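# Descriptive analysis of the structure
The residues making up each chain are set out below.
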Amino acid sequence: MKILVTGSTGQLGKTITNHLKDSEYEVKLTSRRKPEDMSYEWVYSDLLTGDGLEEAVRDVDVIIHAATSPVKNSELIEVSGLERLLSRAQNIQHFIYPSIVGIDQIPYKYYKLKYKAEALLENSSVPHTIVRATQFHGFVEKLFLSKPLFKRYVIPGSIKFQSVDVKEFAKHLLELSKEEPQGRTDDFGGPDIVTLSEMAEMKIKINNEKNKVMNVSLPGKLYKSFLEGENTNSSQKTGKTTFEEYLRNN
Ligand SMILES: NC(=O)c1ccc[n+]([C@@H]2O[C@H](COP(=O)([O-])OP(=O)(O)OC[C@H]3O[C@@H](n4cnc5c(N)ncnc54)[C@H](OP(=O)(O)O)[C@@H]3O)[C@@H](O)[C@H]2O)c1
(Lines give C-alpha, C1' and ligand atoms only; values in the text may rest on other atoms or scores of the structure.)
Protein backbone atom coordinates (compact mmCIF):
# COMPACT_ATOMS: atom_id res chain seq x y z
CA MET A 1 0.00 0.00 0.00
CA LYS A 2 1.29 3.42 -0.92
CA ILE A 3 0.42 6.56 1.06
CA LEU A 4 0.76 10.18 -0.04
CA VAL A 5 1.10 12.91 2.58
CA THR A 6 0.42 16.41 1.23
CA GLY A 7 1.77 19.39 3.15
CA SER A 8 4.79 17.33 4.14
CA THR A 9 6.74 20.41 5.32
CA GLY A 10 3.96 21.53 7.67
CA GLN A 11 3.38 20.90 11.35
CA LEU A 12 1.03 17.98 10.85
CA GLY A 13 2.63 16.65 7.64
CA LYS A 14 6.09 16.49 9.24
CA THR A 15 4.70 14.69 12.28
CA ILE A 16 2.83 12.14 10.15
CA THR A 17 6.07 11.55 8.21
CA ASN A 18 7.91 10.79 11.46
CA HIS A 19 5.25 8.25 12.45
CA LEU A 20 5.45 6.58 9.04
CA LYS A 21 8.90 5.25 9.95
CA ASP A 22 7.17 2.51 11.94
CA SER A 23 4.55 1.70 9.32
CA GLU A 24 4.37 -0.77 6.47
CA TYR A 25 3.29 1.87 3.97
CA GLU A 26 5.35 2.78 0.96
CA VAL A 27 5.58 6.55 1.39
CA LYS A 28 5.36 9.49 -0.98
CA LEU A 29 5.46 13.10 0.20
CA THR A 30 4.48 16.29 -1.56
CA SER A 31 4.76 20.01 -0.91
CA ARG A 32 6.33 23.01 -2.64
CA ARG A 33 9.43 23.16 -0.43
CA LYS A 34 11.56 20.04 0.05
CA PRO A 35 11.02 18.36 3.43
CA GLU A 36 13.98 18.15 5.84
CA ASP A 37 13.68 14.37 5.88
CA MET A 38 14.37 13.28 2.31
CA SER A 39 14.43 9.56 3.11
CA TYR A 40 11.14 9.13 1.22
CA GLU A 41 10.08 9.74 -2.36
CA TRP A 42 9.09 13.42 -2.64
CA VAL A 43 7.44 15.26 -5.51
CA TYR A 44 6.94 18.98 -5.92
CA SER A 45 3.33 20.02 -6.25
CA ASP A 46 1.37 23.24 -5.96
CA LEU A 47 -2.34 23.19 -5.13
CA LEU A 48 -2.68 26.71 -6.44
CA THR A 49 -1.62 25.92 -10.00
CA GLY A 50 -2.10 22.15 -10.11
CA ASP A 51 1.56 21.65 -11.05
CA GLY A 52 2.84 18.23 -10.00
CA LEU A 53 -0.49 16.95 -8.65
CA GLU A 54 -0.82 14.27 -11.32
CA GLU A 55 2.57 12.85 -10.44
CA ALA A 56 1.93 13.19 -6.71
CA VAL A 57 -1.23 11.10 -6.87
CA ARG A 58 0.08 8.48 -9.32
CA ASP A 59 0.13 4.89 -7.92
CA VAL A 60 -1.09 6.01 -4.52
CA ASP A 61 -3.74 4.11 -2.50
CA VAL A 62 -4.23 6.44 0.47
CA ILE A 63 -3.88 10.22 0.79
CA ILE A 64 -3.62 12.22 4.00
CA HIS A 65 -4.23 15.80 2.90
CA ALA A 66 -2.27 17.93 5.38
CA ALA A 67 -1.60 20.84 3.00
CA THR A 68 -3.33 24.09 3.86
CA SER A 69 -2.87 27.85 3.74
CA PRO A 70 -4.91 29.65 6.39
CA VAL A 71 -4.03 33.17 5.29
CA LYS A 72 -2.59 33.49 1.77
CA ASN A 73 -4.78 32.32 -1.13
CA SER A 74 -6.81 30.37 1.41
CA GLU A 75 -9.88 29.79 -0.76
CA LEU A 76 -7.81 28.83 -3.79
CA ILE A 77 -5.87 26.29 -1.77
CA GLU A 78 -8.39 24.92 0.73
CA VAL A 79 -11.32 24.60 -1.70
CA SER A 80 -10.19 24.88 -5.34
CA GLY A 81 -6.90 23.13 -4.50
CA LEU A 82 -8.80 20.26 -2.90
CA GLU A 83 -11.05 20.06 -5.95
CA ARG A 84 -7.98 19.86 -8.21
CA LEU A 85 -6.46 17.14 -6.05
CA LEU A 86 -9.71 15.13 -5.90
CA SER A 87 -10.16 15.28 -9.66
CA ARG A 88 -6.86 13.44 -9.98
CA ALA A 89 -7.54 11.04 -7.12
CA GLN A 90 -10.69 9.37 -8.43
CA ASN A 91 -9.25 5.87 -8.02
CA ILE A 92 -7.91 6.35 -4.54
CA GLN A 93 -8.99 3.89 -1.82
CA HIS A 94 -9.04 6.34 1.08
CA PHE A 95 -8.71 10.13 1.28
CA ILE A 96 -8.27 11.58 4.76
CA TYR A 97 -9.05 15.23 5.46
CA PRO A 98 -7.98 16.76 8.79
CA SER A 99 -10.44 19.45 9.75
CA ILE A 100 -11.06 21.61 12.81
CA VAL A 101 -13.63 21.37 15.63
CA GLY A 102 -16.28 24.09 15.46
CA ILE A 103 -15.73 25.20 11.86
CA ASP A 104 -19.47 25.20 11.26
CA GLN A 105 -20.07 27.51 14.25
CA ILE A 106 -17.12 29.91 14.30
CA PRO A 107 -17.34 32.99 12.06
CA TYR A 108 -13.79 32.92 10.70
CA LYS A 109 -13.02 32.93 6.98
CA TYR A 110 -10.52 30.05 7.02
CA TYR A 111 -12.94 27.89 9.04
CA LYS A 112 -15.78 28.64 6.61
CA LEU A 113 -13.51 27.47 3.80
CA LYS A 114 -12.71 24.28 5.64
CA TYR A 115 -16.45 23.68 6.04
CA LYS A 116 -16.84 24.21 2.30
CA ALA A 117 -13.98 21.77 1.67
CA GLU A 118 -15.66 19.16 3.90
CA ALA A 119 -18.86 19.52 1.82
CA LEU A 120 -16.88 19.20 -1.41
CA LEU A 121 -15.38 15.95 -0.20
CA GLU A 122 -18.71 14.65 1.11
CA ASN A 123 -20.32 15.30 -2.26
CA SER A 124 -17.51 13.61 -4.18
CA SER A 125 -17.29 9.96 -5.11
CA VAL A 126 -13.90 9.64 -3.41
CA PRO A 127 -13.95 7.27 -0.38
CA HIS A 128 -12.99 9.50 2.51
CA THR A 129 -12.75 10.16 6.21
CA ILE A 130 -13.08 13.65 7.66
CA VAL A 131 -11.80 14.13 11.19
CA ARG A 132 -11.95 17.40 13.04
CA ALA A 133 -9.30 18.09 15.67
CA THR A 134 -9.03 20.88 18.19
CA GLN A 135 -6.11 23.34 17.94
CA PHE A 136 -2.64 21.83 18.37
CA HIS A 137 -0.74 22.72 21.58
CA GLY A 138 2.12 24.18 19.55
CA PHE A 139 -0.24 26.28 17.45
CA VAL A 140 -1.84 27.96 20.48
CA GLU A 141 1.55 28.51 22.12
CA LYS A 142 3.07 30.03 18.99
CA LEU A 143 0.07 32.23 18.23
CA PHE A 144 -0.54 33.66 21.70
CA LEU A 145 2.30 32.80 24.05
CA SER A 146 5.52 33.29 22.13
CA LYS A 147 5.92 37.06 22.14
CA PRO A 148 5.49 38.77 25.50
CA LEU A 149 5.24 42.54 25.25
CA PHE A 150 7.23 44.37 27.94
CA LYS A 151 7.17 41.21 30.07
CA ARG A 152 3.45 40.73 29.62
CA TYR A 153 1.41 38.21 27.67
CA VAL A 154 -1.32 40.50 26.39
CA ILE A 155 -4.00 37.98 25.53
CA PRO A 156 -7.75 37.44 25.36
CA GLY A 157 -7.30 35.28 28.44
CA SER A 158 -10.92 34.19 28.87
CA ILE A 159 -11.16 32.33 25.57
CA LYS A 160 -11.06 28.56 25.85
CA PHE A 161 -8.95 25.90 24.20
CA GLN A 162 -8.94 22.11 24.31
CA SER A 163 -5.58 21.88 22.61
CA VAL A 164 -4.22 18.55 21.50
CA ASP A 165 -0.84 16.99 20.83
CA VAL A 166 -0.11 16.97 17.09
CA LYS A 167 1.75 13.64 17.50
CA GLU A 168 -1.36 11.97 18.88
CA PHE A 169 -3.47 13.38 16.07
CA ALA A 170 -0.96 12.25 13.43
CA LYS A 171 -1.04 8.74 14.91
CA HIS A 172 -4.83 8.78 14.92
CA LEU A 173 -4.92 9.76 11.22
CA LEU A 174 -2.62 6.85 10.38
CA GLU A 175 -4.84 4.46 12.36
CA LEU A 176 -7.90 5.78 10.48
CA SER A 177 -6.07 5.34 7.18
CA LYS A 178 -6.04 1.57 7.76
CA GLU A 179 -9.76 1.38 8.47
CA GLU A 180 -12.65 1.63 6.03
CA PRO A 181 -13.50 5.20 4.94
CA GLN A 182 -15.98 6.57 7.50
CA GLY A 183 -17.21 9.86 6.07
CA ARG A 184 -17.24 12.36 8.93
CA THR A 185 -15.94 10.60 12.03
CA ASP A 186 -15.64 11.52 15.74
CA ASP A 187 -13.77 14.69 16.64
CA PHE A 188 -10.30 14.38 18.14
CA GLY A 189 -9.97 16.74 21.10
CA GLY A 190 -7.34 17.36 23.75
CA PRO A 191 -7.75 16.08 27.33
CA ASP A 192 -8.63 19.41 29.04
CA ILE A 193 -10.61 22.54 28.33
CA VAL A 194 -8.76 25.50 29.80
CA THR A 195 -8.70 29.25 29.36
CA LEU A 196 -5.86 30.92 27.50
CA SER A 197 -5.01 32.75 30.70
CA GLU A 198 -4.58 29.40 32.50
CA MET A 199 -2.35 28.22 29.65
CA ALA A 200 -0.21 31.35 29.97
CA GLU A 201 0.12 30.84 33.74
CA MET A 202 1.23 27.22 33.14
CA LYS A 203 3.93 28.41 30.75
CA ILE A 204 5.17 31.08 33.17
CA LYS A 205 5.35 28.57 36.03
CA ILE A 206 7.02 25.76 34.08
CA ASN A 207 9.65 28.01 32.48
CA ASN A 208 10.13 30.11 35.60
CA GLU A 209 9.40 33.22 33.57
CA LYS A 210 9.14 36.76 34.96
CA ASN A 211 6.31 37.53 32.54
CA LYS A 212 2.83 38.39 33.75
CA VAL A 213 -0.54 37.86 32.11
CA MET A 214 -2.56 40.86 30.97
CA ASN A 215 -6.05 39.85 29.93
CA VAL A 216 -7.92 41.84 27.32
CA SER A 217 -11.46 41.53 25.98
CA LEU A 218 -12.15 41.76 22.28
CA PRO A 219 -15.29 42.80 20.46
CA GLY A 220 -17.07 40.69 17.87
CA LYS A 221 -18.59 37.33 17.13
CA LEU A 222 -15.28 35.54 16.57
CA TYR A 223 -14.09 36.37 20.08
CA LYS A 224 -17.49 35.40 21.51
CA SER A 225 -17.39 31.99 19.83
CA PHE A 226 -13.99 31.18 21.36
CA LEU A 227 -15.23 32.56 24.71
CA GLU A 228 -18.14 30.13 24.51
CA GLY A 229 -15.81 27.27 23.60
CA GLU A 230 -17.26 26.57 20.12
CA ASN A 231 -13.75 25.32 19.25
CA THR A 232 -14.00 22.57 21.88
CA ASN A 233 -15.86 19.27 22.20
CA SER A 234 -16.18 18.13 25.81
CA SER A 235 -17.47 14.70 24.77
CA GLN A 236 -14.36 13.94 22.71
CA LYS A 237 -11.41 14.32 25.07
CA THR A 238 -9.47 11.73 23.11
CA GLY A 239 -5.91 13.04 23.34
CA LYS A 240 -3.87 12.14 26.43
CA THR A 241 -1.05 14.69 26.49
CA THR A 242 -2.01 17.84 28.37
CA PHE A 243 -0.78 21.33 27.47
CA GLU A 244 1.30 21.27 30.65
CA GLU A 245 3.00 18.02 29.61
CA TYR A 246 3.57 19.42 26.14
CA LEU A 247 5.28 22.47 27.66
CA ARG A 248 7.51 20.32 29.88
CA ASN A 249 8.63 18.20 26.94
CA ASN A 250 9.22 20.88 24.30
N1 LIG B 1 -2.69 23.92 13.35
C2 LIG B 1 -3.68 23.46 14.10
O3 LIG B 1 -3.81 23.79 15.30
C4 LIG B 1 -4.71 22.53 13.48
C5 LIG B 1 -5.71 21.97 14.30
C6 LIG B 1 -6.63 21.08 13.73
C7 LIG B 1 -6.57 20.78 12.38
N8 LIG B 1 -5.60 21.37 11.62
C9 LIG B 1 -5.58 21.04 10.18
O10 LIG B 1 -4.44 20.23 9.92
C11 LIG B 1 -3.97 20.49 8.59
C12 LIG B 1 -2.48 20.81 8.63
O13 LIG B 1 -2.29 22.00 9.38
P14 LIG B 1 -0.82 22.48 9.81
O15 LIG B 1 -1.00 23.37 11.00
O16 LIG B 1 0.11 21.33 9.85
O17 LIG B 1 -0.46 23.42 8.56
P18 LIG B 1 0.94 24.12 8.24
O19 LIG B 1 1.95 23.84 9.28
O20 LIG B 1 0.62 25.55 7.91
O21 LIG B 1 1.41 23.38 6.89
C22 LIG B 1 0.78 23.64 5.68
C23 LIG B 1 1.41 22.78 4.59
O24 LIG B 1 0.72 23.08 3.37
C25 LIG B 1 1.68 23.25 2.34
N26 LIG B 1 1.18 24.20 1.35
C27 LIG B 1 0.89 25.51 1.52
N28 LIG B 1 0.54 26.07 0.36
C29 LIG B 1 0.59 25.07 -0.58
C30 LIG B 1 0.33 25.03 -1.97
N31 LIG B 1 -0.02 26.12 -2.67
N32 LIG B 1 0.48 23.85 -2.61
C33 LIG B 1 0.88 22.74 -1.94
N34 LIG B 1 1.13 22.72 -0.62
C35 LIG B 1 1.00 23.89 0.05
C36 LIG B 1 2.93 23.79 3.03
O37 LIG B 1 4.09 23.38 2.36
P38 LIG B 1 4.89 24.22 1.29
O39 LIG B 1 4.83 25.66 1.74
O40 LIG B 1 6.25 23.62 1.32
O41 LIG B 1 4.18 23.96 0.01
C42 LIG B 1 2.88 23.04 4.36
O43 LIG B 1 3.55 21.81 4.23
C44 LIG B 1 -4.85 21.61 8.04
O45 LIG B 1 -5.88 21.06 7.27
C46 LIG B 1 -5.41 22.26 9.28
O47 LIG B 1 -6.64 22.91 9.07
C48 LIG B 1 -4.67 22.20 12.13
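Residues numbered from 1 in each chain as written. Predicted model: local features only at pLDDT ≥ 70, side-chain atom pairs only at ≥ 80, totals over all residues. Heavy atoms only, no water.

## Some thoughts on the UniProt feature "domain: NAD(P)-binding" (unreviewed entry) in the protein
The UniProt entry lists residues 7-136 under the feature "domain: NAD(P)-binding" (unreviewed entry), expressed in the numbering used here. Regarding residues 7-136, the helix share stands at 32% and the strand share at 21%, and the terminal C-alpha atoms are separated by 16 Å. (UniProt positions renumbered as here; feature names shortened; annotations may be inferred. Helix = DSSP H or I, 4+ residues; strand = E, 2+ residues; numbered from the N terminus.)

## A closer look at unusual backbone geometry
If you check the backbone angles, aspartate 59 has positive phi at about 65° while not being a glycine. You can see aspartate 59 is positioned in the loop between α2 (53-57) and β4 (62-65). One non-glycine residue, asparagine 73, adopts positive backbone phi at about 50°. Its place among the elements puts asparagine 73 in the loop between β4 and α3 (74-87).

## Focus on the packing of aromatic side chains
The final tally for this structure, using the stated rule, is 7 aromatic pairs. Geometrically, the ring pair formed by phenylalanine 161 and phenylalanine 226 is tilted, given 5.9 Å between the ring centres and 50° between the ring planes. One end of the pair, phenylalanine 161, is in strand β8 (residues 160-161); the other, phenylalanine 226, is in helix α8 (residues 221-227), and 65 residues separate them in sequence. Overall, phenylalanine 226 belongs to the buried group, its relative accessible area being 11%. When the ring of phenylalanine 243 is compared with that of tyrosine 246, the centres are 6.0 Å apart and the planes differ by 25°; the resulting orientation is stacked. One end of the pair is phenylalanine 243 and the other is tyrosine 246, both in helix α9 (residues 243-249) and 3 residues apart, which spans about a single turn. Overall, phenylalanine 243 belongs to the buried group, its relative accessible area being 4%. When its relative accessible area of 14% is taken as the criterion, tyrosine 246 is described as buried. Here the aromatic residues Tyr108, Tyr110 and Tyr111 are joined through ring pairs into a cluster of three or more. (Phe/Tyr/Trp six-rings, centres within 6.5 Å; stacked < 30°, edge-to-face > 60°. Buried < 20%, exposed > 50% of the residue type's maximum accessible area, 1.4 Å probe, protein only.)

## Comments concerning the environment of asparagine 215
Along the polypeptide, asparagine 215 turns up in strand β11 (residues 212-215). Along the chain, asparagine 215 and proline 156 lie 59 residues apart, while their C-alpha atoms are 5.4 Å from each other. Beyond its immediate sequence surroundings of up to four residues, asparagine 215 is in contact with Ile155, Gly157 and Ser197. A polar contact of 3.3 Å, which involves the side chain of asparagine 215, links it to the backbone nitrogen of glycine 157. (Contact = heavy atoms within 4.5 Å. Polar contact = N/O pair within 3.5 Å; in protein donor to acceptor, adjacent residues only side chain to side chain.)

## Brief notes about the side chain of histidine 128
Mapped onto the elements, histidine 128 comes out in strand β6 (residues 128-133). Here valine 126 takes part through its backbone oxygen, which lies 2.8 Å from a polar atom of the side chain of histidine 128.

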